[in-house]
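Listed here are the chains, written in short residue letters.
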There are 2 protein chains.
Amino acid sequence: MDKRYEDMWTSSLAERTKRLTRSVIRELLKVAQDPTVISFAGGWPAPELFPKREVEEACRYLLPRQGEVLLQYGATEGVKPLKEFLAKKSGKYGIPAEPENILLTCGSQQALDLLGKVFINEGDRILVTAPTYLGAIQAWRLYGPEFVTCGMDDNGVLIEDVEKVLKDGPVKFMYMLPNFHNPAGVTIPLERRKRLAQLAEEYNTFIIEDDPYGELRYEGEDIASIISLKKERVIYLATFSKTLTPGLRLGWILAPEFILQKIIQAKQGADLHTGTFVQYIANDLCQRGILKAHVAKLREAYKERRDVMLQSMEKYFPEDAKWTHPEGGLFLWVTLPKHIDTKILYQKAMEYKVAFVPGFAFYPTEGGGKNNMRLNFSNTLPDKMEEGIKRLGDLLKKEL
Amino acid sequence: MDKRYEDMWTSSLAERTKRLTRSVIRELLKVAQDPTVISFAGGWPAPELFPKREVEEACRYLLPRQGEVLLQYGATEGVKPLKEFLAKKSGKYGIPAEPENILLTCGSQQALDLLGKVFINEGDRILVTAPTYLGAIQAWRLYGPEFVTCGMDDNGVLIEDVEKVLKDGPVKFMYMLPNFHNPAGVTIPLERRKRLAQLAEEYNTFIIEDDPYGELRYEGEDIASIISLKKERVIYLATFSKTLTPGLRLGWILAPEFILQKIIQAKQGADLHTGTFVQYIANDLCQRGILKAHVAKLREAYKERRDVMLQSMEKYFPEDAKWTHPEGGLFLWVTLPKHIDTKILYQKAMEYKVAFVPGFAFYPTEGGGKNNMRLNFSNTLPDKMEEGIKRLGDLLKKEL
């Protein structure tokens, strides 16, 4: 393109675009697309387990009967029977919800963006863990907040860090992934959840509780969600991407009706509404009990993959490597000796035909996660898992 | 909700939410849901014409064969064969495009929001027609621009108004709906399009060309799009919502690759990507020639509806009422004597069991459109059309 046009476009960009970044993971994934690479890099569910037949059944049943509704515009709030189902389901998990508390979104990613739009002023302090979900950083950075970070241990966020941040000055909200944290794979026990809810009350702030993996628990007991402990101060995010399929792009926000109205207004300007068609398909799978059965199937399959990964790591990883033992979800988090830089290690891993995500990608500020990596176990077949971990182990033994 | 919680949520809202508004139309539509009301208010396509069977065929064919891809995450840019199809199709319309110039969005509404995000700083002057598409106002108002308006006649935007605005000071961009304008129903002839492209060049700015209805022409010849006249200075928006079905939520942005990369980054943070499933369905309908056949069918059906509406208006409307004669699209625009306030008229129309959108809804600033109304003809069956227009005519005769 001619320089003067390029200059025109560049100078037309809004100030906020200086904060735009491409997802590191998506860039890495492109590199890892070589089919001979065993990739633990993505966060993708297992495609061979997708309920293909059940989705097809839904289409065959619904289109001739309700095609006029499925293919038409719909309400911004979302499709009513699906909202009713989700409200009822939430109730079973101890989360008090009416359909009026629920807004369907294009995946949880859109929920994060809408929350950024509705809440974040430039310079707002936002409390996050370090590491944290990189999609949240990407969505929110555009709105110009200051990310203030808290450390974690095997029980999730460190409460003393949270207290310190809150004492330092007001935060707009706290962002938490209590179940099977992405990328850390750790879960916050009940006592800490209670403390977080208390601290939100004490410091007059609120919590965004992001729970994409909560239903994918492979051992131990379910723990009460933070929203069930203090519903007035929590916005809860969930999604069908991990429990059903991501290709439908369906998630939902559960929030006090009063504030949800504002989020709905933002959603209306953002894309009018979430696709009617995909909402009706999801609703059909929910109402027919397919969701429930499918989650049970995933629990079994992913548990096996997690177990094979953990066993293989015991077998092939050098002693200096440490890792978390997730009770559910899709990820675990490896900590290597301090002199290792996983960004450099990633390049070498390509030669070993194995991929992971270097830890730095999950830190909102520079310098974190240098000697960490995230491994995904949902998207690798068990019979390839050991080989992949062996390759990575061979590399680590050479480098450590 | 307890007052202290309400206060906390209210005080947590970002500054920009003061500019959030609910769509007037969507509120009006709720009133008009009484099935005895004949509504010309919505902008909805005819549901009885939706390609239900063809969508079902696509699902039945694709899910067993490519279910793993259809239901998985996908690239932010969009599904490749669909982008290739759209690039080729654009070429046929004289719009030079490669797949790299195309980004799939969740309807054109998301395109508008992404463009606001990427380009609009608070206080930026944006040139729009008055009236203009209200979804654009809704999406962009959040980013705090100043809307500067230009008048229209039966040939669309007044070039002298555009020149005046450009002379007054720099504008970030000009927003144009050249074909069958929503709400005005008018089309910009080639000469004015050329002038707009020249003016963009002269004043070193760019044009957003929004073209949701371009394919729905019922008489006359296609006119070259502005992007085909000056591709370096135009971002072009199109959608499947009017030509196929809105329930899939699929639109696309065509832009210089250089700037599209920025928009893709914004899209990634906004919702990762547009649904893989619906993109593959649309692709199947495109590749099988269904889109083309369906557009031909819609042209015929909507032409009839337009004709019946126009003939009925001649028959039943009082002499003092004037209206546009759209060559395509979904809408026409009525101008009533100055003493009429269509906001008040709307309430009375409810008693007559007929609905329209009062003109004020399409003005970014207060005071415009007081004596105007928009009528939609795509969503009313021909045999109800005359009765609806008769009801409205009866009311008008009483009020004028």
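Residues numbered from 1 in each chain as written. Chains lettered and ligands numbered in written order. Predicted model: local features only at pLDDT ≥ 70, side-chain atom pairs only at ≥ 80, totals over all residues.

### A word on the overall build of chain A
Move 1: In terms of regular secondary structure, chain A is built from 14 helices and 15 strands.
Move 2: The globule rule puts the C-alpha radius of gyration for 400 residues at 21 Å, and the 21 Å found for chain A is close to it.
Move 3: Projected onto its principal axes, the C-alpha coordinates of chain A cover approximately 60 × 60 × 50 Å.
Move 4: Counting all 400 residues of chain A, 55% fall into the buried class.
Move 5: Summarising the internal contacts of chain A: among those between residues at least 6 apart in sequence, 76% fall at separations of at least 24. (Helix = DSSP H or I, 4+ residues; strand = E, 2+ residues; numbered from the N terminus. Rg over C-alpha atoms; globule rule 2.2 N^0.38 Å. Buried ≥ 20, exposed ≤ 12 C-beta atoms within 10 Å, placed from the backbone. Contact = placed C-beta atoms within 7 Å.)

### Describing the environment of A:Ser312
Move 1: With respect to the secondary-structure elements, A:Ser312 resides in helix α12 (residues 290–316).
Move 2: Distance in space between the C-alpha atoms of A:Ser312 and A:Tyr302 is 15 Å, their sequence separation being 10 residues.

### Observations concerning the interface of chain A and chain B
Move 1: At the interface, 70 residues of chain A touch 70 residues of chain B.
Move 2: Going through the elements one at a time, α1 (3–12), α3 (52–70), α5 (107–119), α6 (134–141), α10 (257–271) and α11 (276–287) of chain A are the ones with two or more residues in the side of chain A that touches chain B.
Move 3: Residue contributions to the side of chain A that touches chain B peak at 10 residues, all from α3(A).
Move 4: When the residues that make up the side of chain A that touches chain B are grouped by side-chain class, the tally is 34 nonpolar, 20 polar and 16 charged. (Nonpolar A, V, L, I, M, F, W, Y, C, P; charged D, E, K, R; others polar.)

### Things to note about the sheet that holds strand β2 (residues 102–105) of chain A
All names here are of chain A.
Move 1: The mixed open sheet is built from seven strands, whose spatial order is β2-β10-β9-β8-β7-β3-β4. The open sheet has two edge strands, β2 and β4 (146–150), and neither has a second partner. Taken over all neighbouring pairs, the strand axes of this sheet differ in orientation by 20° on average, direction set aside.
Move 2: Examined bridge by bridge, strand β8 (residues 206–210) and strand β9 (residues 234–239) share four bridges and lie parallel to one another. Across the sheet, the residue bridging to Asp210 is Leu237, located in β9. (Pairing = 2+ DSSP bridges. Axes fitted to C-alpha atoms, helices over the stretch in contact; angles between N-to-C directions.)

### Observations concerning unusual backbone geometry
Move 1: Here the amide bond leading from B:Ala130 into B:Pro131 is cis, since omega sits at 5°, within 30 degrees of zero.
Move 2: Secondary-structure assignment places B:Pro131 in the loop between β3 (125–129) and α6 (134–141).
Move 3: The residue after B:Asn182, namely B:Pro183, is reached through a cis peptide bond having omega 15°.
Move 4: Along the chain, the position of B:Pro183 falls in the loop between β7 (173–176) and α8 (190–202).
Move 5: Positive phi, normally seen in glycine, also occurs at A:Lys353, with a value near 60°.
Move 6: Examined against the element boundaries, A:Lys353 turns out to sit in the loop between α13 (342–351) and β13 (354–355).
Move 7: For A:Lys353, a count of 16 C-beta atoms within 10 Å puts it in the partly exposed group.
Move 8: One non-glycine residue, B:Leu272, adopts positive backbone phi at about 65°.
Move 9: When you line up the elements, B:Leu272 lands in the loop between α10 (257–271) and α11 (276–287).

### Overview of the relation of the copies chain A and chain B
Put simply, the two copies of the chain differ by a rotation about an axis and a shift along that axis.
Move 1: Least-squares fitting of chain A to chain B yields an RMSD of 0.0 Å, with the superposition described by an axial translation of 0.0 Å and a rotation of 180°. In symmetry terms, the pair is related by a two-fold rotation axis. Within chain A, A:Cys59 has its C-alpha nearest the rotation axis, a separation of 3.3 Å.
Move 2: A symmetric contact is evident, with 100% of the interface residues of chain A recurring at the interface of chain B. (Least-squares fit on C-alpha atoms with pLDDT ≥ 70 in both.)

### Some words on the pairing of β2(A)
All names here are of chain A.
Move 1: Along β2, one buried face is formed by Ile102 and Leu104 and the opposite face, lined by Leu103 and Thr105, is buried too.
Move 2: Sheet topology places β2 next to strand β10 (residues 251–254); four bridges connect them, and they run antiparallel. Residue pairing in the sheet places Ile102 in a bridge with Leu254 of β10.

### Structural notes on helix α7 (residues 159–168) of chain A
All names here are of chain A.
Move 1: When we look at burial in α7, the residues that qualify are Val162, Val165 and Leu166. Seen along its axis, α7 keeps its buried residues to an arc of 95°; they face one direction. Of the exposed residues in α7, the ones pointing more than 90 degrees away from its buried face are Glu160, Lys164, Lys167 and Asp168.
Move 2: In this structure, the buried side of α7 is in contact with β3 (125–129), β4, β6 (156–157), β7 (173–176) and α8 (190–202). (Arc of directions from axis to C-beta.)

### A short note on the domain arrangement of chain A
Residue and element names in this part refer to chain A.
Move 1: Here chain A is described as being made up of domain 1 (20–49 + 293–399) and domain 2 (68–288).
Move 2: Placing the centre of domain 1 and that of domain 2 at their C-alpha centroids yields a distance of 25 Å.
Move 3: If you look at the interface, domain 1 gives 31 residues, while domain 2 gives 31 residues.
Move 4: Contributions of two or more residues to the side of domain 1 that touches domain 2 are made by α12 and β12 (331–335).
Move 5: The leading source of residues in the side of domain 1 that touches domain 2 is α12, at seven residues.
Move 6: Tallied by class, the residues present in the side of domain 1 that touches domain 2 amount to 15 nonpolar, 11 polar and five charged. (Domains from an automatic or database assignment.)

### Thoughts on the packing of helix α12 (residues 290–316) of chain B against helix α14 (residues 382–399) of chain B
Residue and element names in this part refer to chain B.
Move 1: One can describe the packing of α12 onto α14 by two numbers: an axis separation of 9 Å at closest approach and a directional angle of 30°. The orientation of α12 with respect to α14, classified from their angle, is roughly parallel. Of the two elements, α12 crosses α14, and the hand of that crossing is right-handed. Between α12, through Glu304, Arg305, Val308, Met309, Ser312, Met313 and Tyr316, and α14, the contact on the second element is made entirely by Pro382, Met385, Glu386, Ile389, Lys390 and Gly393.
Move 2: Classifying every residue of the contact of α12 with α14 by side-chain character gives seven nonpolar, two polar and four charged. (Parallel < 35°, antiparallel > 145°, perpendicular 65-115°, else oblique. Left-handed = near helix turned anticlockwise from the far one by under 90°.)

### Remarks on the sheet that holds strand β14 (residues 357–358) of chain B
Residues and elements named next belong to chain B.
Move 1: As summarised here, the arrangement of the four strands in space is β11-β12-β15-β14, forming an open sheet in which the pairing is antiparallel. Looking along the sheet, the strands with just one partner apiece sit at the ends: β11 (322–323) and β14.
Move 2: Note: β11 against strand β12 (residues 331–335), two bridges, orientation antiparallel. Residue pairing across strands places Trp323 opposite Val334, the latter belonging to β12.

### A short note on the packing of helix α3 (residues 52–70) of chain B against α11(B)
All names here are of chain B.
Move 1: Their axes nearest at 9 Å, the elements α3 and α11 cross at an angle of 125°. Viewed along their axes, α3 and α11 adopt a mutual orientation that is oblique. Of the two elements, α3 crosses α11, and the hand of that crossing is right-handed. On α11, the residues that touch Glu54, Val55, Ala58, Cys59, Tyr61, Leu62, Gln66, Val69 and Leu70 of α3 are Thr276, Phe277, Tyr280, Ile281, Asp284 and Leu285.
Move 2: Here the contact of α3 with α11 is composed, by residue class, of 11 nonpolar, two polar and two charged.

### Things to note about the environment of A:Gly220
Residues and elements named next belong to chain A.
Move 1: Inspection of the secondary structure puts Gly220 in the loop between β8 and α9 (226–229).
Move 2: Residue class for Gly220 comes out exposed when judged on the 9 C-beta atoms lying within 10 Å of it.
Move 3: Taking the C-alpha atoms as reference points, Gly220 and Leu127, 93 residues apart in sequence, are found 28 Å from one another.

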